[in-house]
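Spelled out from the first residue to the last, the chains are:
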2 protein chains.
Amino acid sequence: MKAFDQLDSYAKLQALAKNPIDLSQEEILTAQRVEKMHQRALDYSLFYATERVTAGVMDALFGLAEETDVIKKMAAMQAGEIINCIEGYESEKRAVLHTAMRDQFSQSQKDLRAKDASERAAKELQKLQQFLQQIEKKNQFTDLIQIGIGGSDLGPRALYLALAPFRLPDRHVHYIANVDPDDAVSVLNQVSLKNCLVVVVSKSGTTLETLTNEAMIRKQFIKEGLDPRKHIIAVTSEKSPMDDPEQYLASFYIWDFVGGRYSSTSMAGAVSLAFAIGFSAWIDLLRGAHAMDLHALEPRNLPLTSALLGIWNRNFLGMPAVTIVPYSQGLVRFPAHLQQLDMESNGKRVDRMGRWVTQPTGPIILGEIGTNAQHSFFQLIHQGTDCIPLEFIAFEKSQYGRDIEVQSTTSQEKLLANLFAQSIALATGQKNDNPNRFFPGNRPNRILLGRQLEPYSLGVLLAFYEHKVAFQGFIWNINSFDQEGVQLGKVLASRILDHFAQPRTEKKPQSFPAAQAYLRLLAQFRQM
Amino acid sequence: MKAFDQLDSYAKLQALAKNPIDLSQEEILTAQRVEKMHQRALDYSLFYATERVTAGVMDALFGLAEETDVIKKMAAMQAGEIINCIEGYESEKRAVLHTAMRDQFSQSQKDLRAKDASERAAKELQKLQQFLQQIEKKNQFTDLIQIGIGGSDLGPRALYLALAPFRLPDRHVHYIANVDPDDAVSVLNQVSLKNCLVVVVSKSGTTLETLTNEAMIRKQFIKEGLDPRKHIIAVTSEKSPMDDPEQYLASFYIWDFVGGRYSSTSMAGAVSLAFAIGFSAWIDLLRGAHAMDLHALEPRNLPLTSALLGIWNRNFLGMPAVTIVPYSQGLVRFPAHLQQLDMESNGKRVDRMGRWVTQPTGPIILGEIGTNAQHSFFQLIHQGTDCIPLEFIAFEKSQYGRDIEVQSTTSQEKLLANLFAQSIALATGQKNDNPNRFFPGNRPNRILLGRQLEPYSLGVLLAFYEHKVAFQGFIWNINSFDQEGVQLGKVLASRILDHFAQPRTEKKPQSFPAAQAYLRLLAQFRQM
């Protein structure tokens, strides 16, 4: 397969990028352009009149999608082909089947690997439903603490906050991720353990942060005269060290074909979230994600359009970052999830053949909710020296539906007015004789607008971004599903820990001069 | 005054940047380098052996600081000179005196403007102390809701989370910022209004989001049969529309010489935080900030070193972003505050003489806490196609001091081991025959290490970053204290709101084709 910058479409797009449309020119952002440049599916509209594209650029971008066979690759992924690999080198060599976790509604997959994964997921969902019915009867548990880090934390936590209005009465979830002991202690200070379920999520059953926090919580249960085995649930691989009925109240399984950052719809998210919002609302979320999975197999689908616009900005207009700004309070931590999803998936420098990439891959992702962000870092977005494209997310209706009219408009109307105003202002800019009040404009941005944020539409949105990221990886021809870049730090941390442990173990740690210097300085300061 | 890239030091640094040190070369990151390249003040150490600098580069950077008179400018700022201005153009023309808010301990300022500001701040502190004593006696209020956005939200909220272990029993603070009605509703769902103080923060008394949320809360007080005037406090300018004893239980003043993002140590932060942790702990925080203010007047101070290293990475090594990663759970939202502080201050394209800058100014700022971030976006930081420098923050001790030994080390030791490991791994990288397991290294980073996160050290840290940002602005010769870039969006939002309001007011809104197209599409979808 050709490298990205050897593709015919690459050359074509590069030629188009020499003279891209300038959104700040008068008469560019017309009503006609706005009405033409939008695409709608599954109750979401993608407005992209404020991107620096023309119909010709869009055609060339979809030509790139065809030349790189992205729909075929999406189908291969959903069918369970081994796509998590680097050819010719040692690599994970795994299928990528997060879509199977929610393929529970249409029996769409004929491939045996995908069917097998869906059936396994169905079995865990059934176990979960029964488990929730049992604890419902007991009526003992009001709180649940999930211990997990990375994908076992950011996705579920973001979804939990987005689903707050759908929480069952007296059901609260807390998340502990950090090895900083203050994280666990501050959660322990908020709960009464006798009413607490604890869910420990680790695929391997060996994640250092997670095991350490589990040990801390177990100790606290015992200190309070409670039996941890009656409270703690494992979410792990079958046969991992954590798959042990002696130690856990229950076990739910996850598999190596679902990566951490894609695992929110597996048991890594299901247990805490179905506890919070109830099993049937959880199924609604899966139903939404599945609908988007099917939509992503169609030729011109929403996440593909978004992926292509991102490629245009990144590789042809040369922009290093993307800001994601949901105008929706419920999505307050969704950007943190997307930051992991995108940067961990596509922050790569080797293609699927093990060749160095010669073009930028995944951009920096940052984001906070609007309108808050307008009063924070938008100054730089409007008037800074770098151009940072934006992706807005918003909904027609608020979640709670409670609102107030002030100065003849509701708060929800003010929210949407601000969103449209920002989108237009970033595109058009504004001339001014005072240079400090001059807005250059021509800042590309797009809006994904849904109807209302509830379980189904949240499932659609979650899968939208999963597939946007996957499509970009397919186009760059990189492996979006491994994360070798996190290994070196782990190895070095373990060597430094030997130094800390030495006084207790007498095991002589390896020589490691720079780290020893840090530790020597640390010891000196302690004595000061 | 010369433009930044016309300075003698600029040319010198540019020459040095042609062949910068490569941290991934063997024998570069030695114990000697680590021990030499650190600087200590106010119980913080700044380790910068893992930056791409030599002693020669550091000398040239401090030469740049001298040539741009940064210490003199810092002194002028703290003395109350009018530095928030653009020469020859209409601009705010204000003093910048957040340092006066905490100049309560040493009578260091002789300048009348600064003295006057300190005295005003002292008066408000005294009013606050009396107010807190009164409510202490009443023992009615357990919760406080702060309504404010931007600087009236991010800073105080970040500090509140960082001060959680110091909270008085039964004192909770909630923050409402967003005009999304879901923000206010979800806070209202968590509190009992009869035990609630509400603090509304708006310097002008006219911030749309804030007034709207205040209206919603007032309405709810009345609905519950409570008198809002016995619960709601104003933090605003003297004589603003909100400075009205008929409407508010109390008023505390802020002034136009303290910008929103620099206002945490003014009454914008003081009321909610002193309510939470008590007045004397609040004074400790101010004491820490003041100590850093004095330190920042010394020739080679910590924030200046950090500012210069940032300039080196940004302007001479060409890096577009900075990632700030505190290895401290308490600082979970501190990066969001720093994102505003830095990007809103230095995201500028005009210098103080109204000339277009020809060099990059403020970088993109992103950040989350460690170790969590290691399991999230660090993949891209280690192996992505762009190089993103990092600023780590950490403390020797945890906040709560409760810990557990697992595998012969404590959690706090694991936290610090991971921090040092990341710092070293990013610098040195690692060779590997498998290209997917190759780490290029040479990723610049530095560590700011304190003893423990408590009110005093948090005050030091807050002021450290305020001055780091100010020093960079002084060097670029930009105005770090205005925010003209937020205006255009406000103007356009108000025009779009006229369209929403029209059915209720019959006032004919201005023609605005692109926005009307969005609204038309929105209306169509609603009917679908």
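All residue numbers here refer to positions counted from 1 along the written sequence of the relevant chain. Here chains are named by letter from A upward and ligands by number from 1 upward, in the order in which they appear as written. Side-chain atom pairs in this predicted model are given and counted only at pLDDT of 80 or more, local residue features only at pLDDT of at least 70, and totals for whole chains, interfaces and linings cover all residues. The basis for every side-chain value is the complete set of non-hydrogen atoms in the structure, without hydrogens or water.

Engineer: Would you mind showing me how to read the overall build of chain A here?
Structural biologist: In this text, helices come from DSSP runs of H or I with a minimum length of four residues, and strands from runs of E with a minimum of two, each type numbered from the N-terminal end. When helices and strands are counted, chain A shows 17 helices and 15 strands. The reference for a compact globule is 2.2 Å times residues^0.38; the radius of gyration itself is calculated from the C-alpha atoms. Taking 24 Å as the expected radius of gyration for a compact globule of 528 residues, we find that chain A reaches 25 Å, a close match to that expectation. Over its C-alpha atoms, taken along the principal directions, chain A stretches across nearly 75 × 60 × 60 Å. Across the 528 residues in chain A, those meeting the buried criterion constitute 66%. Considering only contacts within chain A whose residues lie at least 6 apart along the sequence, 75% involve residues at least 24 apart. Looking at chain A as shown, the accessible area adds up to about 18100 Å², and 49% of this sits on carbon and sulfur atoms. We count Lys and Arg on the positive side and Asp and Glu on the negative side, and we leave His and both chain ends out. Where a charge sits is defined by one atom per residue type, namely NZ (Lys), CZ (Arg), CG (Asp) or CD (Glu). Averaged over its 56 positive side-chain charges, chain A has a centre that lies 3 Å from the centre of its 57 negative ones. Each residue is assigned to one of three classes by its accessible area relative to the maximum for its type, calculated with a 1.4 Å probe on protein chains only: buried under 20%, partly exposed between the two thresholds, exposed over 50%. What makes two residues a contact is simply this: any of their non-hydrogen atoms within 4.5 Å. Note on areas: these come from Shrake-Rupley sampling with a 1.4 Å probe, and a residue is covered only by the protein chains present in the view.

Engineer: Quick question: what am I supposed to make of the relation of the copies chain B and chain A here?
Structural biologist: Each of the two chain copies goes to the other by way of a rotation about an axis and a shift along it. Once turned by 180° and shifted 0.0 Å along the axis, chain B lies on chain A with an RMSD of 0.0 Å. Read as a symmetry element, the transformation amounts to a two-fold axis. Minimal C-alpha separation from the rotation axis in chain B is found for L366(B), amounting to 3.0 Å. Here 100% of the interface residues in chain B have copies in chain A that are interface residues too; the copies meet face to matching face. Residues reaching a pLDDT of at least 70 in both copies supply the C-alpha atoms on which the copies are superposed by least squares.

Engineer: What's the story with the pairing of strand β6 (residues 172–176) of chain B in this structure? I'm lost.
Structural biologist: For a regular strand, side chains alternate in direction, first toward one face of the sheet and then toward the other. All names here are of chain B. Counting buried residues in β6 gives 4 out of 5 residues, a clear majority hidden from the surface. Looking at chain direction, strand β5 (residues 143–147) and β6 are connected through 5 bridges and run parallel. Bridge pairing in β6 places D143 opposite H172. In terms of handedness, the path from β5 via helix α6 (residues 154–162) over to β6 forms a crossover that is right-handed. DSSP bridges decide pairing: two strands pair if at least two such bridges lie between them. Seen with its strands pointing away from the viewer, a crossover is right-handed if its path from the first strand over the helix to the second goes clockwise.

Engineer: What exactly am I supposed to notice about the packing of α6(B) against helix α12 (residues 334–346) of chain B here?
Structural biologist: The description of two packed helices rests on the angle between their axes and on the distance between the axes. Residues and elements named next belong to chain B. For the pair α6 and α12, the least separation of the axes is 8 Å and the interaxial angle reads 155°. As the angle between them shows, α6 and α12 are arranged roughly antiparallel. Here α6 runs over α12; the crossing is left-handed. Judged by residue contacts, L154, G155 and A158 of α6 engage F334, A336, H337 and Q340 from α12. Note that Gly is not counted as nonpolar here; it falls among the polar residues with everything else outside the nonpolar set of Ala, Val, Leu, Ile, Met, Phe, Trp, Tyr, Cys and Pro and the charged set of Asp, Glu, Lys and Arg. Taken together, the residues of the contact of α6 with α12 break down into 4 nonpolar, 3 polar and no charged. To obtain each axis, a line is fitted to C-alpha atoms, and for helices this fit is confined to the stretch in contact; angles are then taken between N-to-C directions over 0 to 180 degrees. By the definition adopted for this analysis, an angle is roughly parallel if under 35 degrees, roughly antiparallel if over 145, roughly perpendicular if from 65 to 115, and oblique otherwise. Put simply, a crossing is left-handed when the front helix is turned counterclockwise from the back one by less than a right angle, and right-handed when it is turned clockwise.

Engineer: Would you mind going over the interface of chain B and chain A with me for this structure?
Structural biologist: Counting residues at the interface gives 151 residues for chain B and 151 residues for chain A. With both sides pooled, the region where chain B packs onto chain A buries about 13400 Å², and carbon together with sulfur makes up 63% of that total. Buried area counts how much accessible surface, traced with a 1.4 Å probe, disappears from two parts once they are put together, with both parts' losses summed. Taken as a group, H375(B), R402(B) and Y518(B) account for 6% of the area that chain B buries against chain A, more than any other trio of residues on that side. When a carboxyl oxygen of Asp or Glu lies within 4 Å of a side-chain nitrogen of Lys or Arg, that pair is called a salt bridge. Summed over the shared surface of chain B and chain A, the result is 14 salt bridges. Among the salt bridges present, the one from E413(A) reaches R504(B), with a minimum N-O distance of 2.7 Å. Pairs of N or O atoms within 3.5 Å make up the polar contacts considered here, provided that, within protein, one atom can donate a hydrogen while the other can accept it, and that residues adjacent in sequence are counted only when both atoms are side-chain atoms. Where chain B meets chain A, there are 56 residue pairs in polar contact (both at pLDDT 80 or more). Grouping the constituent residues of the side of chain B that touches chain A by class yields 68 nonpolar, 52 polar and 31 charged.

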